[in-house]
Amino acid sequence: MQLGIDDLAFATAGRYLDLADLAPVHGVEPAKYTVGLGQDRMSVCAPDEDVVTLAAAAALPLVEALADDERAAIRTVLLATESGIDQSKSAGVYVHALLGLSPAARVVELKQACYSGTSALQMALALVARNPEQKVLVICSDVARYDIGSAGEPTQGCGAVAMLVTANPRLVAIEPVSGLHTSDVMDFWRPNYRTTAVVDGRLSLRAYTDALTGAWEDFRAQGGAEFGDIDAFVYHQPFTKMAVKAHAHLTRLAGAPRDAAVMDAQIADTLRYNREIGNSYTASMYIGLVSLLDHATEDLGGSRIGFFSYGSGAVGELFTGVVQPGYRAHLRTAAHRRLLDERDRVSHAEYLRIVAPVNPVDGGEHDVERLTRGPFRLAAITGHQRLYEPTT
Ligand code: HMG
């Protein structure tokens, strides 16, 4: 029996900052961002958008496509995030309510920086293996925030991915072997009292590459596929140039020929959406997968994809999946393109204005400005409670 991703969609905020508008503020050439980091734009959350509204927006089309009995088969919702909105209650419980899912379900939130979406996927596969009638909704949702004016600022972004994990999946069957790597590194973290991450940029690049090395070596030791048997590679993308560097590193490590055209073809389609969205932490690698499936001109049915998931701190996992024949009939390419094309470009001044109150920490009473284009919004914060509502 095959297990894997049966349906897949992403959501992002309704606004973006063009990095050409950030470059002069930082006193650098736009090429530093577009070429050096491989980023053109970053999605910017409005005050009424957060990990809950993004997660619910990503999952809505998957849930709407299901018949009543299929919806009832969703008995587990796993929400992966590192920009959660509560220290206790899972963001997934709000999402479960907004989607109108059955109360006969377990819902939890998972955290380990950008990696936890992959742990959610692996746990979902284990649950479905135990009961193949069951469907698990895995959602990765994050708002990436660094200090204004810091080197990390151009690598911000936000987004969510929803995956329906089932037996006999229509999109990608995940193979059983994983390569794992954990090491205690302070490359990027966010203490409870901060709304933005603390990062040692140089160390983070090394920690990512070290985790890739460790995960690949473990993957091969566990009997995982040879490099030459993997057709395309999806990496965690804090900025898309990182995936280019990671792929060069893995190609070298695996002793494969370093043919630039071949290497580019193995990753180019995975980078397209993230260039426009920016880092979405837990969602980033899976938006890379959506990008590959949506953009590949050849039919990928039967192709093996390698995934490298990385979360600072640090945990890495390398695994593979096989694209299922007929997958193209189940993609949501037009909706994804529309979502990105319909975003509004904001000026630098407007960006500063709307990001400021993303995470009110004072516990006060707030009515939240109505700005989102998405199907759900944060309407108010009152009595220490966040109140969400549909926008239509
Ligand atoms: P920086 O110091 O601003 O940039 O920080 P730089 O000086 O290293 O330049 C970046 C690149 O632009 C370089 O390319 C320059 O040469 C090039 P490279 O040599 O590395 O190939 N460049 C230019 N190219 C063309 N024209 C120009 C030009 N000028 C310079 N005019 C850094 C960059 C990534 C460190 C910073 O943005 C940062 O701290 N970002 C946040 C941390 C991060 O993203 N780390 C990635 C690995 S960790 C990770 O992936 C986990 C994470 O997602 C979090 C989680 O797990 O939760 C972050």
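Residues numbered from 1 in each chain as written. Predicted model: local features only at pLDDT ≥ 70, side-chain atom pairs only at ≥ 80, totals over all residues.

**What about the overall build of the protein?**
When its secondary structure is counted, the protein shows 13 helices and 17 strands. A compact globule built from 392 residues would reach a C-alpha radius of gyration of about 21 Å, and the protein, at 20 Å, matches this within 12%. Oriented by its inertia axes, the alpha-carbon framework of the protein measures out at about 55 × 55 × 40 Å. Scored against the burial criterion, the 392 residues of the protein give a buried share of 49%. Within the protein, contacts between residues at least 6 apart in sequence are counted, and of these 76% link residues at least 24 apart. (Helix = DSSP H or I, 4+ residues; strand = E, 2+ residues; numbered from the N terminus. Rg over C-alpha atoms; globule rule 2.2 N^0.38 Å. Buried ≥ 20, exposed ≤ 12 C-beta atoms within 10 Å, placed from the backbone. Contact = placed C-beta atoms within 7 Å.)

**Points about the sheet that holds strand E3 (residues 41-44)**
Backbone-to-backbone hydrogen bonds pair the strands of a sheet. The strands run either parallel or antiparallel. An order of E3-E2-E14 is seen for the 3 strands of this open sheet, with the pairing classed as mixed. The open sheet has two edge strands, E3 and strand E14 (344-345), and neither has a second partner. Relative to E3, strand E2 (residues 15-18) runs antiparallel, the two sharing 4 bridges. By the bridge assignment, Tyr-16 is partnered in E3 with Ser-43. Against the sheet, helix H1 (residues 19-26) contacts E2 and E3, and its axis sits at roughly 50° relative to E2. (Pairing = 2+ DSSP bridges. Axes fitted to C-alpha atoms, helices over the stretch in contact; angles between N-to-C directions.)

**Structural notes on the pairing of strand E1 (residues 3-11)**
Burial analysis of E1 places 9 of its 9 residues in the buried class, which makes it a mostly covered element. By the bridge criterion, 8 bridges tie E1 to strand E7 (residues 157-167) in an arrangement that is antiparallel. Paired with Ala-9 across the two strands is Ala-162, which belongs to E7. Bridging between E1 and strand E8 (residues 172-182) involves 2 bridges; their strand directions are antiparallel. Paired with Gly-4 across the strands is Ala-173, a residue of E8.

**Things to note about the nonpolar core**
With 114 residues, the main nonpolar core has Ala-55, Ala-58, Ala-59, Val-95, Ile-139, Ala-160 and Val-161 as its most contacted residues. The element best represented in this core is helix H3 (residues 51-64), accounting for 10 residues. (Core = buried A, V, L, I, M, F, W, Y, C linked by C-beta atoms within 7 Å.)

**Concerning the confidence of the model for the protein**
For the protein, per-residue confidence averages 96 on the pLDDT scale, and residues scoring 70 or more make up 98% of the total. Complex prediction metrics read pTM 0.98 and ipTM 0.99. (pLDDT = per-residue confidence, 0-100.)

**Notes on the sheet that holds strand E17 (residues 385-390)**
Within the open sheet, the 3 strands sit side by side as E15-E16-E17. Their pairing is antiparallel. If you trace the sheet from one side to the other, it starts and ends with strand E15 (366-367) and E17, each paired once. Strand direction decides the pairing type here: strand E16 (residues 376-382) and E17, joined by 6 bridges, are antiparallel. Bridging across to E17, Phe-376 finds its partner in Pro-390.

**Looking at the pairing of E7**
By the criterion of burial, E7 is predominantly enclosed, with 10 of the 11 residues buried. In terms of strand pairing, strand E6 (residues 135-144) meets E7 through 9 bridges, oriented antiparallel. Within the sheet, the bridge partner assigned to Val-136 lies in E7 and is Val-165.

**Brief notes about the packing of H3 against helix H5 (residues 91-98)**
Describing two packed helices takes the angle between their axes plus the distance from one axis to the other. At a minimum axis distance of 9 Å, the contact between H3 and H5 shows a crossing angle of 45°. It follows from the interaxial angle that H3 and H5 lie oblique. You can see that H3 and H5 cross each other, and the crossing is right-handed. Note on element contacts: H5 touches H3 through Ala-91, Tyr-94, Val-95 and Leu-98, opposite Val-51, Val-52, Ala-55, Ala-56 and Ala-59. Split by residue class, the contact of H3 with H5 holds 9 nonpolar, no polar and no charged. (Parallel < 35°, antiparallel > 145°, perpendicular 65-115°, else oblique. Left-handed = near helix turned anticlockwise from the far one by under 90°. Nonpolar A, V, L, I, M, F, W, Y, C, P; charged D, E, K, R; others polar.)

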